[in-house]
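Observations on the three-dimensional arrangement
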There are 2 protein chains.
Amino acid sequence: MIFYREEIITRKGITMIDKVIGIDIGGTNLRGALVSKDGNILKRMKISSQADQGIDKLIDNLAGFIKELSEGEDIYHIGMGIPGIIDSKNGIITEAPNILNVDDFPLRAALNKKLGSDVNIVIENDANCAAVGEWWMGASKDVNSMIMITMGTGVGGGIVLDGKLWTGADGMAGEIGHMTIYPDGAKCNCGNYGCLESYASATAIRRMVHEGLQDKGLDTTLRERTKNVDEEDIPQIVMESASAGDGFSLGIWQEVGKALGIAIASLVNLLNIEMAVIGGGVSNAWDLFIDTTYEEAHRRAFRSPMKRAKIKRGLLGDDAGILGAAHLAFKG
Amino acid sequence: MIFYREEIITRKGITMIDKVIGIDIGGTNLRGALVSKDGNILKRMKISSQADQGIDKLIDNLAGFIKELSEGEDIYHIGMGIPGIIDSKNGIITEAPNILNVDDFPLRAALNKKLGSDVNIVIENDANCAAVGEWWMGASKDVNSMIMITMGTGVGGGIVLDGKLWTGADGMAGEIGHMTIYPDGAKCNCGNYGCLESYASATAIRRMVHEGLQDKGLDTTLRERTKNVDEEDIPQIVMESASAGDGFSLGIWQEVGKALGIAIASLVNLLNIEMAVIGGGVSNAWDLFIDTTYEEAHRRAFRSPMKRAKIKRGLLGDDAGILGAAHLAFKG
């Protein structure tokens, strides 16, 4: 059950807010959970987001999803992670090209209208939510300041300083994926050249494969392995072929690891954080790139802050975003 | 007059702390001022630091300097900026190779012992002080979050977020000069390759001049102008020759501007700050590099946060560090 604001105000004085809903809004799925104050997932759900069918359909689906998740519970706070530029303060999606073809959409207002409620909805960039999640319940549980790098289709980032998400003057901070690593490097989706994202994302791995295979003399098992496969599956295949010892594939993971190490070194010198957490689907190839990352970062950064900054793999997987959204909802 | 702790505690309840001392400790000079709560410099002094004669001499000089600055005043708080890695919390100079050949030196304790006082001494990295100074009383007076880049012999940096200096887990944050800009670039003093410092400092400019002049065919007025001059004077000469239209010299300032622009773009995407302030002696060549910086930053960063982040020249010059140290002293 979700409440109108008057009820929230009345009850707030007498009721402890001990459960919230955390949701990760993706292009394909809505994944969410009922989360307790101490970070336990009490109930979990996943449905198709159908975001490609437009904003009305997404709102419909979200509303139904929330109703089902909140069944039998008193819910006053909902947190949501969204892949895009989010105006958290006003509850507006500024831009989310990968899930929605609408700019400046007032998600909070639209959703409350649809729900017929006035529940407290917090929206935030999905990579920021993942950072908060790992900081709250995951790899960075015991530190005050950390960065999280999420390697997926793109490379997302989040920065937690002194236990607080740093979102910047307009909520746009944390774009670690769009630090310039190689000024004359590969073109990035954002228009810049040589961003971390153009060397350490699934998209980057596909680019490296296609570029490499143009050299007809290159001896690699990828030539056969990637024939007639879905583009989406290529990173997984490069992981398998590298594990089987294919030199070209191993080199791709070294490129990924090196770019990541360069970025981490700069971030450590800049922010003197206690931990860099790496997550996202591409990080499943951990053993294939992390040695290069570690070596590169330690070779470049100042010794003392680099010694302090542990490089760790995310512990929460897909739950990082849900738990981070939930934590932000608790803080309301 | 400076006070013992008991006196401070007794008086604190009844006396408003309305003046502090801010000091900038350099390899050559001690520069300091008596500063009022609203940021006015009431009295200003400068003496030789004689830091090259060892730590005892420096402490002697500092103590005399403080006594003279505080004459006729009730001083409870002193702030100091030092070029090096500073452990602010414990009042220790961790490392300051350019002024002192001592590691882990407890400056706060040694100075209070020498003064026979127990005054509240705050020490901080000098570039961090400059950032706080420009944020408090200079170019960034009206913003909440900013970075400052100080281009001198090296490149220093400071990060102010939500009106608070971000010093990191161990007080080592803000090393903007040691972000990697060109991974395969020139070797930096810190051991890394391609740091901002190795492209935008006085040292970098000297390197570019010497490297360029090795090409005997290069047509530049610098060949004559830099004969038998002091190494220290080279950046100034490159400024003059560029202003007079020398192509090679102009190219050097474009290199400086470009590296700076690449760094600012990454910082804007990362931190979504409201302003990037550029100061330090090398920034006197402002008109020779800033167009390139502006263009490069805008070409690379996300449009919206880059539009927000103004690039400004520092307003306070050498006073930035003194005022920043004073502000940190007020905050105690």
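So, how was this worked out
- Residues numbered from 1 in each chain as written.
- Chains lettered and ligands numbered in written order.
- Predicted model: local features only at pLDDT ≥ 70, side-chain atom pairs only at ≥ 80, totals over all residues.
- Heavy atoms only, no water.
- Contact = heavy atoms within 4.5 Å.
- Buried area = accessible area lost by both parts, 1.4 Å probe.
- Salt bridge = Lys/Arg side-chain N within 4 Å of Asp/Glu carboxyl O.
- Polar contact = N/O pair within 3.5 Å; in protein donor to acceptor, adjacent residues only side chain to side chain.
- Pairing = 2+ DSSP bridges.
- Helix = DSSP H or I, 4+ residues; strand = E, 2+ residues; numbered from the N terminus.
- Axes fitted to C-alpha atoms, helices over the stretch in contact; angles between N-to-C directions.
- Patch = residues over 30% accessible without salt bridge, like charges linked within 9 Å, V, L, I, M, F, W, Y side chains within 5 Å.
- Areas by Shrake-Rupley, 256 points an atom, 1.4 Å probe, with all protein chains shown as cover.
- Lys, Arg positive; Asp, Glu negative; His and termini not counted.
- Charge placed at Lys NZ, Arg CZ, Asp CG, Glu CD.
- Buried < 20%, exposed > 50% of the residue type's maximum accessible area, 1.4 Å probe, protein only.
- Least-squares fit on C-alpha atoms with pLDDT ≥ 70 in both.
- Phe/Tyr/Trp six-rings, centres within 6.5 Å; stacked < 30°, edge-to-face > 60°.
- Lys NZ or Arg CZ within 6 Å of the ring centre and 35° of its normal.
- Left-handed = near helix turned anticlockwise from the far one by under 90°.
- Parallel < 35°, antiparallel > 145°, perpendicular 65-115°, else oblique.
- Nonpolar A, V, L, I, M, F, W, Y, C, P; charged D, E, K, R; others polar.

On to the interface of chain A and chain B, then. Between chain A and chain B, the residue contacts involve 41 residues of the former and 41 residues of the latter. In this assembly, chain A packs against chain B so that about 3,500 Å² is buried in total across both faces, 56% of it on carbon and sulfur atoms. Our count for the contact surface shared by chain A and chain B stands at three salt bridges. Between A:Asp162 and B:Lys164 there is a salt bridge, with the nearest N and O atoms lying 4.0 Å from each other. For the pair chain A and chain B, the number of links is 26 residue pairs in polar contact (both at pLDDT 80 or more).

Residues and elements named next belong to chain A. A sheet is described by the order of its strands in space; here five strands give the open sequence E10-E9-E8-E11-E12, paired in mixed fashion. With partners counted over all chains shown, the strands left at the sheet margins are strand E10 (164–165) and strand E12 (310–313), one partner each. In the sheet, strand E8 (residues 146–151) pairs with strand E9 (residues 155–161) via six bridges, with the strands oriented antiparallel. What sits directly across from Met148, in E9, is Gly158. Lying on the sheet, helix H4 (residues 126–137) is in contact with E8, E9, E10 and strand E11 (275–279); it crosses E9 at an angle near 50°.

Attention now goes to the pattern of salt bridges. Counted under the stated rule, the structure contains 23 salt bridges over all chains. Between A:Arg44 and A:Asp319 there is a salt bridge whose closest N-O contact spans 2.7 Å. Taken together, the residues A:Arg44 in strand E3 (residues 41–48) and A:Asp319 in helix H12 (residues 319–331) connect sequence positions 275 residues apart. For A:Asp170, the salt bridge goes to B:Arg308, with nearest N and O atoms at 2.5 Å.

Another point: a positive patch on the surface. Residue and element names in this part refer to chain A. Side chains of Arg303, Lys307, Lys310 and Lys312 sit close together on the surface and give a patch of like positive charge. Those elements that provide at least two residues to the positive patch are helix H11 (303–308) and E12. Its location among the elements puts Lys307 in helix H11. Given the relative accessible area of 66%, Lys307 is considered exposed.

Residue and element names in this part refer to chain B. Within the secondary structure layout, Ile149 lies in strand E8 (residues 146–151). Of the residues examined, Ile149 reaches a relative accessible area of 0% and is grouped as buried. Along the chain, Ile149 and Leu111 lie 38 residues apart, while their C-alpha atoms are 30 Å from each other. What Ile149 contacts, discounting residues up to four positions off in sequence, is Val155, Gly156, Ile176, Leu196, Leu260, Ile264, Val277, Ile278 and Gly279.

What connects the two chain copies is a rotation about an axis and a shift along it. Screw-axis analysis of chain A against chain B gives a translation of 0.0 Å along the axis, an RMSD of 0.0 Å, and a rotation angle of 180°. In the structure described here, the two chain copies are related by an operation that fits a two-fold rotation axis. Most of the interface of chain A is mirrored in chain B, where 100% of its interface residues again form contacts.

Once that is clear, we can look at the packing of aromatic side chains. According to the stated counting rule, one finds eight aromatic pairs over all chains in the structure shown. Here B:Trp253 and B:Phe289 contribute two aromatic rings whose centre-to-centre distance is 6.3 Å and whose plane-to-plane angle is 25°, an arrangement assigned as stacked. Pair noted here: B:Trp253 is in helix H9 (residues 247–271) and B:Phe289 is in helix H10 (residues 286–300), with a separation of 36 residues, a long-range link. You'll find B:Trp253 and B:Phe289 in the same group, each marked buried. Taken together, the aromatic side chains of A:Trp253, A:Trp286 and A:Phe289 make up a single cluster linked through ring pairs. Sitting over the face of the ring of A:Tyr199, A:Arg207 holds its NZ or CZ atom 5.1 Å from the ring centroid.

Attention now goes to the packing of helix H2 (residues 55–69) of chain A against helix H3 (residues 107–115) of chain A. When two helices pack together, their arrangement is given by the angle between the helix axes and by the axis-to-axis distance. Residues and elements named next belong to chain A. Contact pair H2 / H3: the axes reach a minimum separation of 10 Å and the direction vectors enclose 60°. Judged by the twist between their axes, the crossing of H2 over H3 is right-handed. Contacts from Ile59, Asp60, Leu62, Ala63, Ile66 and Lys67 in H2 reach Leu107, Ala110, Leu111, Lys114 and Leu115 in H3.

This part covers the environment of A:Met45. All names here are of chain A. Its location among the elements puts Met45 in strand E3. In this structure Met45 comes out as buried when scored by relative accessible area, which is 14%. A C-alpha to C-alpha distance of 20 Å links Met45 and Glu124, two positions 79 residues apart in sequence. Setting aside its immediate chain neighbours within four residues, Met45 contacts Leu30, Arg31, Gly32, Phe65, Glu68 and Leu69.

The subject of this paragraph is the packing of H4(A) against H12(A). All names here are of chain A. It is the contact of H4 with H12, at a shortest axis distance of 6 Å, that shows an interaxial angle of 85°. Viewed along their axes, H4 and H12 adopt a mutual orientation that is roughly perpendicular. Across the interface between the two elements, Cys129, Ala130, Val132, Gly133, Glu134, Trp135, Trp136 and Met137 of H4 pack against Ala320, Gly321, Leu323, Gly324, Ala325, Ala326, His327, Leu328 and Phe330 of H12. Here the residues of the contact of H4 with H12 are counted per class, giving twelve nonpolar, four polar and one charged.

A few words now on unusual backbone geometry. Residue and element names in this part refer to chain B. Positive phi is not limited to glycine here, since Gln50 has a value of about 50°. Relative to the helices and strands, Gln50 resides in the loop between strand E3 (41–48) and helix H2 (55–69). You will see that Asp162, though not glycine, has its phi angle at about 50°, which is positive. Residue position: Asp162 is located in the loop between strand E9 (155–161) and strand E10 (164–165).

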